[in-house]
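Structural characterization, general
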Amino acid sequence: MTKTANTMWGGRFAAGPDAIMEAINASIGFDQRMAAQDIAGSRAHAAMLAATGIISSSDAETIEEGLLTILSEIESGAFTFSTALEDIHMNIEARLRELIGDAAGRLHTARSRNDQVALDFRLWVRDQCDAVDAALLGLMQALLAQAEEGADWVMPGFTHLQVAQPVTWGHHMLAYVEMFSRDRARFADARARMNLSPLGAAALAGTSFPIDREMTAKALGFDGPTANSLDTVADRDFALEFLAAGSICAMHMSRLAEELVIWSSAQFRFVTLSDQWSTGSSIMPQKRNPDAAELLRAKIGRIFGANVALMTVMKGLPLTYSKDMQEDKEQVFDAADNLSLSLAAMTGMVRDMTANIDALAAAAAMGFSTATDLADWLVRALGMPFREAHHVTGSLVALAEAENCDLPDLTLTQMQSVHRDITADVFDVLGVQNSVASRQSYGGTAPENVRAQVHAWKARLA
């Protein structure tokens, strides 16, 4: 094949790369997603170059007009991306030269592709943090609506997926509100830490031009510039923190998705997912499959994988920039896409699902779920040490199992055969409604607690 010089590399290279090198080297197939961020960074850089007298005001104005034209072309789909030009930076610069001529060559004064890509990627990840925060807010609001409606609905609480103690539907929904609130905090924390501008670090050592990094940082919404040029071009912690926060958030969604899969089964019947989030079977007409929850549960692996992949890319790199770091974006883009899609799907499922109140209540009364209430009563009413109360309650559970009934169905005589001091007052604590109402300690499942927490969360999210 004929090889031609790559004019973007300059005179150092007499011949261009062959097809294989071009394919492995080019990133325009994916980094074109950062076009808006690249243009925003270039506009800020050009304005600063003019303000410091490094380029003329007329050149800066011409560059600004050209960049806005390119942005319009990209947004309308009229822009032609070239693999031969490697990346989004070179594609935009080449088009700028076509539009405005030699003035385009002055734009790259006092910067490098190293700080340029660090800037673009950081801006892109920062935008994703904002998008995830908004999506998490919507999911939390959907959960709060469920919690408020079901503050009194009893359901079984589980440990080891075995019935443990009765709780309320509202309390269960609020558990996920707490999880996703921590996710919001993690993304906010990561965003705050990444909000320093890399622009001006240049290739790795800074620049001899009298640039104003504070000016470009402010123009781009950063808190200030980064402090060490070596670290700046080598750093991808901001992307790793996004993936780490995303992985934890994804894990929380997967846990909820797993519960929806279990709860919507014929064996549980705790919830009914709407038709919008369910599918049928090609052969079994009775089937109603929770496919959205299952797909969400699987997509989480891609987010986890992206986190591990980028950690692996970065783990052995000496300072500063290495071409390995071009592999930092595809997995982050994919993770962000899947995180966004999963949050939207989970919000829809939670918003539209219907709790089957009777099935929840029936399940709450199964499995001797009020055994702990009985043990607590023995401690309070009879002054019994808890370990002894635990033993007595275990004996009563064994008796109920032998009689094929639940604890509230035992007679007083039967209970007194285990411990003679038990009185009829014990039956006041054995119903599931009595059980949940008694759990009034802060953070407990009592309906009045649930309502108070819903009110507090609404105020915090407003």
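You'll find the structure just up there.
One structure accompanies this document, and this report is about it. (Residues numbered from 1 in each chain as written. Predicted model: local features only at pLDDT ≥ 70, side-chain atom pairs only at ≥ 80, totals over all residues. Heavy atoms only, no water.)

1. Brief notes about the overall build of the protein chain
Regarding its fold elements, the protein chain presents 18 helices and four strands. Against the compact-globule benchmark of 23 Å for 462 residues, the protein chain has a radius of gyration of 31 Å, which places it well outside the compact range. Considered along the principal axes of its C-alpha atoms, the protein chain spans approximately 100 × 55 × 40 Å. When burial is assessed residue by residue, the protein chain has 48% of its 462 residues classed as buried. About 21,600 Å² of surface is accessible on the protein chain, with carbon and sulfur atoms providing 53% of the total. (Helix = DSSP H or I, 4+ residues; strand = E, 2+ residues; numbered from the N terminus. Rg over C-alpha atoms; globule rule 2.2 N^0.38 Å. Buried < 20%, exposed > 50% of the residue type's maximum accessible area, 1.4 Å probe, protein only. Areas by Shrake-Rupley, 256 points an atom, 1.4 Å probe, with all protein chains shown as cover.)

2. Here's the deal with helix 14 (residues 371–382)
Spanning 12 residues, helix 14 covers 16 Å between terminal C-alpha atoms, matching the ideal 16 Å at 1.5 Å per step. Taken as a whole, helix 14 has its buried residues at A371, D373, L374, A375, W377 and L378. Note on helix 14: the residue one or two positions beyond its end, G383, has a positive phi of about 70°. (Expected span 1.5 Å × (residues − 1).)

3. Brief notes about the nonpolar core
Nonpolar side chains in soluble globular proteins generally cluster together in the buried interior. Membership of the largest hydrophobic core comes to 76 residues, with the highest contact counts inside it found for W169 and M346. For this core, the secondary structure elements donating two or more residues are helix 6 (113–149), helix 7 (169–194), helix 10 (237–263), helix 11 (291–314), helix 12 (330–352), helix 13 (357–364) and helix 18 (447–461). (Core = buried A, V, L, I, M, F, W, Y, C linked by side-chain atoms within 4.5 Å.)

4. Details of the side chain of N114
Looking at where N114 falls in the secondary structure, it is placed in helix 6. For N114, a relative accessible area of 16% puts it in the buried group. Those residues in contact with N114 that sit more than four places away from it in its chain are A202, A203, V233 and Y321. (Contact = heavy atoms within 4.5 Å.)

5. Things to note about the pairing of strand 1 (residues 154–159)
Pairing of strand 1 with strand 2 (residues 162–168) involves six bridges; the strand directions are antiparallel. Each residue of the ladder has a partner; that of V154, found in strand 2, is T168. Connecting strand 1 to the next strand, strand 2, in antiparallel fashion are two residues, including H160 with a positive phi near 60°. (Pairing = 2+ DSSP bridges.)

6. Looking at the packing of aromatic side chains
Under the defined criterion, the tally for this structure stands at 12 aromatic pairs. Against the face of F222 rests R126, its NZ or CZ located 4.7 Å from the ring centre. One cation-aromatic arrangement involves K329 over F121; the distance from NZ or CZ to the ring centre is 5.5 Å. (Phe/Tyr/Trp six-rings, centres within 6.5 Å; stacked < 30°, edge-to-face > 60°. Lys NZ or Arg CZ within 6 Å of the ring centre and 35° of its normal.)

7. Overview of the environment of H390
With respect to the helices, strands and loops of the structure, H390 is situated in helix 15 (residues 386–403). Each C-alpha atom of the pair H390 and T372 lies 8.0 Å from the other, and the pair is 18 residues apart in sequence.

8. Describing the environment of R111
When you line up the elements, R111 lands in the loop between helix 5 (88–100) and helix 6. Look at R111 and you get buried, because its relative accessible area is 9%. Sequence separation between R111 and H45 is 66 residues; the distance between their C-alpha atoms is 8.6 Å. Among the polar contacts made by the side chain of R111, one reaches the side chain of S42 at a distance of 3.1 Å. (Polar contact = N/O pair within 3.5 Å; in protein donor to acceptor, adjacent residues only side chain to side chain.)

9. Observations regarding the packing of helix 3 (residues 35–51) against helix 4 (residues 57–76)
Across the interface, helix 3 lies against helix 4 with an axial gap of 9 Å and an inter-helix angle of 170°. Taken together, the axes of helix 3 and helix 4 are roughly antiparallel relative to one another. Between helix 3 and helix 4, the residues in contact are A35, A36, I39, S42, R43, A46 and A50 and S57, A60, I63, E64, L67, L68, I70, L71 and I74, respectively. Residue classes in the contact of helix 3 with helix 4 are distributed as 12 nonpolar, two polar and two charged. (Axes fitted to C-alpha atoms, helices over the stretch in contact; angles between N-to-C directions. Parallel < 35°, antiparallel > 145°, perpendicular 65-115°, else oblique. Nonpolar A, V, L, I, M, F, W, Y, C, P; charged D, E, K, R; others polar.)

10. Things to note about a nonpolar patch on the surface
A contiguous nonpolar surface patch, about 270 Å² in accessible area, is contributed by L204, L230 and L319. Residue L319 is classed as exposed on the basis of its relative accessible area, which comes to 65%. (Patch = residues over 30% accessible without salt bridge, like charges linked within 9 Å, V, L, I, M, F, W, Y side chains within 5 Å. Salt bridge = Lys/Arg side-chain N within 4 Å of Asp/Glu carboxyl O.)

11. Quick word on helix 3
The end-to-end C-alpha separation of helix 3 is 24 Å, in line with the 24 Å expected for 17 residues at 1.5 Å each. With 12 of 17 residues buried, helix 3 is to be regarded as a mostly interior element. Looking at helix 3, one finds that the buried residues are A35, Q37, D38, I39, G41, S42, A44, H45, A46, M48, L49 and A50. The secondary structure elements touched by the buried residues of helix 3 are helix 2 (28–31), helix 4, helix 5, helix 6 and helix 8 (213–219). G53 lies just past helix 3 and shows a positive phi near 80°.

12. Considering the side chain of S342
Structurally, S342 can be placed in helix 12. With relative accessibility at 2%, the residue S342 sits in the buried group. For S342, the residues in contact, after removing those within four places along its chain, are M253, L296, K299 and I300.

13. Some thoughts on the environment of F270
Mapped onto the secondary structure, F270 falls in the loop between helix 10 and strand 3 (271–272). When the C-alpha positions of F270 and A359 are compared, they lie 5.9 Å apart, and in sequence the two are 89 residues distant. With sequence-adjacent residues up to four places away left out, F270 is seen in contact with P156, F158, W263, T354, A355, N356, A359, L360 and A363.

14. Concerning the pattern of salt bridges
Taken as a whole and judged by the stated rule, the model has 22 salt bridges. Linking D130 and R191 is a salt bridge whose minimum nitrogen-to-oxygen distance equals 2.6 Å. You can see D130 sitting in helix 6 and its partner R191 sitting in helix 7, a full 61 residues away along the chain. On the basis of relative accessibility, which here comes to 35%, the residue D130 falls in the partly exposed class. Residue R191 is classed as partly exposed on the basis of its relative accessible area of 24%. Across the pair D189 and R193 runs a salt bridge, and its minimum N-O distance is 2.7 Å. Remark: R193 and D189 occur in helix 7; sequence separation between them is four residues, near one turn of the helix. The partly exposed category is assigned to R193, whose relative accessible area is 45%. Three or more residues are tied together by salt bridges with common partners; here these are E73, R95 and E98.

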